[in-house]
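Architecture at a glance
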Amino acid sequence: MSETMACSLLSCGYEDDRVFEMDDYAGAIARWCPGCGDHAILAGVERLLAAEQLKPERTMFVSGIGCSSRFPHYLTTYGFHGIHGRALPLATGIKLVRPDLDVFVVMGDGDCCSIGAGHWIHAIRYNVNMVALLLDNNIYGLTKNQTSPTSALGRKTNTHPRGALLQPVNPVQTTLGVANVSFVARTVDWNPPHLFATLQAAHRHQGLSFVQILQRCPHYKAGVHDPLQSDPSQLLLMTHPEGIQLEDSIQKIFKNQQEHDPSDMDTARELAGGEGAIAIGLFYRDQLLDRYDQYTAAGIATSRDEKIAALNAELSSYQI
Ligand code: SF4
């Protein structure tokens, strides 16, 4: 915490002259395995919080269950470590009653794409203004190496020792197929500049920002992402003035690049499902779509007073 902030807290409470450094957002010591990609993502998120100067008392991280869902414990913001698959509805409720908060949702691939899949689809459609991060390691790590919805075909796990039997879900392609989708991006945990730039673009978007982060799990999937790390040409960097912005020195390490206008849904879907190099960057963005939080904030038939009046009327009907 900076001296300015400490002074403010001790003498006169929260004041807007506080200046936050990355360390000011650090919570408990992270217990993820050494080399786990979640450490890099946590660092990227702390960098984002400091860059955007988000106030810890007005920032909320909501998670479900899984290795990545320990995220809220490792930050000094508010947090809600929820139940499996329910991070998105919890976060939606929080944002609807507290639209002044910056709300982030952290999910694993099992959490989001399996037990939470129904909530995932409807959260995209509701387009509430918050950031949803899918930390995708393609495995259930917390329950010790079980097949997840994004595990590759043939991947040997404890639940499928002879190899996963079904084609995996493609989270980006699926999200792009949902009505009212407004922001979809993909990044990787091992490229901090691209990770940060993607997180920043997601936070600045007005609507539900969905970001898939390819995440290393060295404990159960050692080496799976090594080819992508050692040979960036296996990634396809999507570029565009309206997309994710990188410095030239970072951008030039990607030999495969393609300009992609993020307002072009058809090409976004092609890139998301394409064979070969894995596309990273911003697939799609539309800031003009309906947001459910705007309707509830306006109180259209759902204001607090209307709900209380309706409840009282219902209870009165039982009076003897
Ligand atoms: Fe990270 Fe995998 Fe360890 Fe879980 S099991 S903490 S995902 S390395």
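Quick summary incoming for the structure in this document. Since the structure is predicted, the reported quantities are computational estimates derived from the model, not experimental observations. (Residues numbered from 1 in each chain as written. Predicted model: local features only at pLDDT ≥ 70, side-chain atom pairs only at ≥ 80, totals over all residues. Heavy atoms only, no water.)

**A short note on the environment of Arg-47**
Assignment of secondary structure puts Arg-47 in helix H2 (residues 37-51). Overall, the relative accessible area of 37% leaves Arg-47 in the partly exposed class. Between the alpha carbons of Arg-47 and Tyr-292 there is a distance of 29 Å; along the sequence they are 245 residues apart. Excluding its chain neighbours within four sequence positions, the residues that come into contact with Arg-47 are Met-22, Pro-192, Pro-193 and Phe-196. (Helix = DSSP H or I, 4+ residues; strand = E, 2+ residues; numbered from the N terminus. Buried < 20%, exposed > 50% of the residue type's maximum accessible area, 1.4 Å probe, protein only. Contact = heavy atoms within 4.5 Å.)

**Comments concerning the site of the ligand**
Lining the immediate surroundings of the ligand are Trp-32, Cys-33, Cys-36, Cys-67, Asn-137, Gln-215, Cys-217, Pro-218, His-219 and Tyr-220. Its residues assigned to classes, the shell around the ligand shows 7 nonpolar, 3 polar and no charged. (Near = heavy atom within 4 Å. Nonpolar A, V, L, I, M, F, W, Y, C, P; charged D, E, K, R; others polar.)

**Examining the packing of aromatic side chains**
Two measures describe an aromatic ring pair: the distance that separates the ring centres and the angle between the ring planes. On inspection of all chains with the given rule, the structure shows 7 aromatic pairs. A ring pair is formed by Trp-32 and Tyr-74, whose centres lie 4.8 Å apart and whose planes are at 85°; its orientation type is edge-to-face. Here Tyr-74 lies in the loop between strand S1 (59-63) and strand S2 (78-81) and Trp-32 lies in the loop between helix H1 (3-12) and H2, a separation of 42 residues in the sequence. Between the aromatic rings of Tyr-126 and Tyr-292, the centroid separation amounts to 4.5 Å while the plane-to-plane angle is 40°, which identifies the pairing as tilted. Placement of the pair is Tyr-126 in helix H5 (residues 117-126) and Tyr-292 in helix H12 (residues 292-298), with a sequence separation of 166 residues. Residue class for Tyr-126 comes out partly exposed when judged on its relative accessible area of 31%. We classify Tyr-292 as partly exposed; its relative accessible area is 33%. Through a chain of ring-to-ring contacts, the aromatic side chains of Trp-32, Phe-61, Phe-71, Tyr-74 and Phe-104 assemble into a single cluster. (Phe/Tyr/Trp six-rings, centres within 6.5 Å; stacked < 30°, edge-to-face > 60°.)

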